[in-house]
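# Structure assessment
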Amino acid sequence: MSGSQQSTAEDQSGRRSTGRAGIATSIFTEMTELARRTGAVNLGQGVPDLDSPPALLREVAEAVLAGHNQYPPAHGLPELRQAVAAHQQRRYGLDYDPDGEVLVTTGATEALAAALLALTGPGDEILTLDPAYDAYPAGARLSGATLVTVPLVPDGDGFALDTDALRAAVTPRTRVLVLNSPHNPTGKVLRRDELAAVAALCRDHGLTVVTDEVYEHLVYDGGSHLPLAALPGMRDRTVTISSAGKTFNVTGWKVGWICAPAPLLAAITSVKQFLTYASGTPYQRALAHMLGAVEPWARELRGLLRGNRTLLGEGLAAAGLRPYRAESGYFMQADIRPWGYRDGFTFCRELPGLAGVVAIPTSAFRQGADPAPWLVRFSFCRRTEELRRAVTKLAAAAP
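Residues numbered from 1 in each chain as written. Predicted model: local features only at pLDDT ≥ 70, side-chain atom pairs only at ≥ 80, totals over all residues. Heavy atoms only, no water.

Operational definition: UniProt positions are given in the numbering used here, feature names are shortened, and annotations may be inferred rather than shown by experiment.
As annotated in an unreviewed UniProt entry, the protein chain is N-succinyldiaminopimelate aminotransferase from Streptomyces aidingensis. Turning to the protein chain, the UniProt annotation filed under Cofactor (unreviewed entry) states: "pyridoxal 5'-phosphate". According to the UniProt record, the Sequence similarities (unreviewed entry) comment for the protein chain is "Belongs to the class-I pyridoxal-phosphate-dependent aminotransferase family."

### A few points about the pattern of salt bridges
Note the threshold: Throughout this description, the term salt bridge denotes a Lys or Arg side-chain nitrogen within 4 Å of a carboxyl oxygen of Asp or Glu. Relative accessibility thresholds used throughout: buried, under 20% of the residue-type maximum; exposed, over 50%; partly exposed, between the two (1.4 Å probe, protein chains only).
Tallied over the full model, the rule gives 24 salt bridges. Linking glutamate 194 and lysine 188 is a salt bridge whose minimum nitrogen-to-oxygen distance equals 3.3 Å. In this pair, the class of glutamate 194 matches that of lysine 188, namely buried. In this structure, the salt-bridge partner of arginine 191 is aspartate 193, at a minimum N-O distance of 2.9 Å. We classify arginine 191 as partly exposed; its relative accessible area is 45%. Taken together, the shared-partner salt bridges in this structure form one network comprising Lys188, Arg191, Asp193 and Glu194.

### With respect to the side chain of histidine 87
Put simply, the rule reads: Numbering goes from the N terminus for both helices and strands, where a helix is a DSSP run of H or I of at least four residues and a strand is a run of E of at least two. The contact rule is simple, with two residues in contact once any of their heavy atoms fall within 4.5 Å.
As for its placement among the helices and strands, histidine 87 is situated in helix α4 (residues 78-92). Contacts of histidine 87, omitting those with residues within four sequence positions, involve Tyr92, Glu216, His217, Leu291 and Val294.

Here you go:
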């Protein structure tokens, strides 16, 4: 168990944090600028360079031209809230009232911020897995809470959750558990037995859970996503967050949603109204239609990403960088020690010059002590020709 550090990015990257919340300059900004400056293939950020569903793009164009460009209702367009509720029922057997238990947000990141601001405050603790998406520590700092982390550690060619360590990390101040599965950046999908252990811990300690499920449709190799809210006794203590960006390759649209019991959603809505109030009217209209047809599209997208994953994994192995199993999402972890490195930050800063490729150090996502500072994250949500170019460059640069 490890507590959060008030600016781990400063400790690991040497940059000073700025502002009242102590939020450091992002490693993503640094690496993206490095890719631009050097012309390297950018396998760092999770911005998909892939096509979106043509029908969805036509829908949003028609909505714009039809004049649907003003504020939507604060809770989101009724038709999108109905589509989200229908999606949860169809896929997971979860019933939500679209008029009181579904909220449309400006992406999943706003949903996370609103939830943490509404449900936690100074003196509280938020428990999550480490490494963690960088919005979690930022949200904790903004609310005044302390982020407490339990590490996912390398285990064979994947990652393991120590449920005993998770249980030991709960204190009387723990209010919320943030659970990200499918997980970024490791690609781990929590198994049913792991989810059951998490659910039991939350019931035993009266914890509210905020789940980040944005990669719910991108689980590979015959696996499937199981929402924590679907487990016994969990629906009424779980705030489920997802979004359209990763599922439909429209990350710039920033449309997300929350499904939660009415009392929790009311508290979150009271915060969200003072963040963006509402946004994305034409996008909401288009997604209301597309969400009902997500399954055939998602199958096609998974097939493309599986092929990319194979290409990247084989390319990393050929270059002498040991890849880890990516069960979901956009990213693959790799062990850089065969290249003589033990620090991911140093490796990633030197890689564009060595090989013309940009990656992200996994340590950038760690909030506590890092058991594997030699891990680096590569993205495979790129066009196949770009991935081929990247793995060719890596192979040529291999020591």
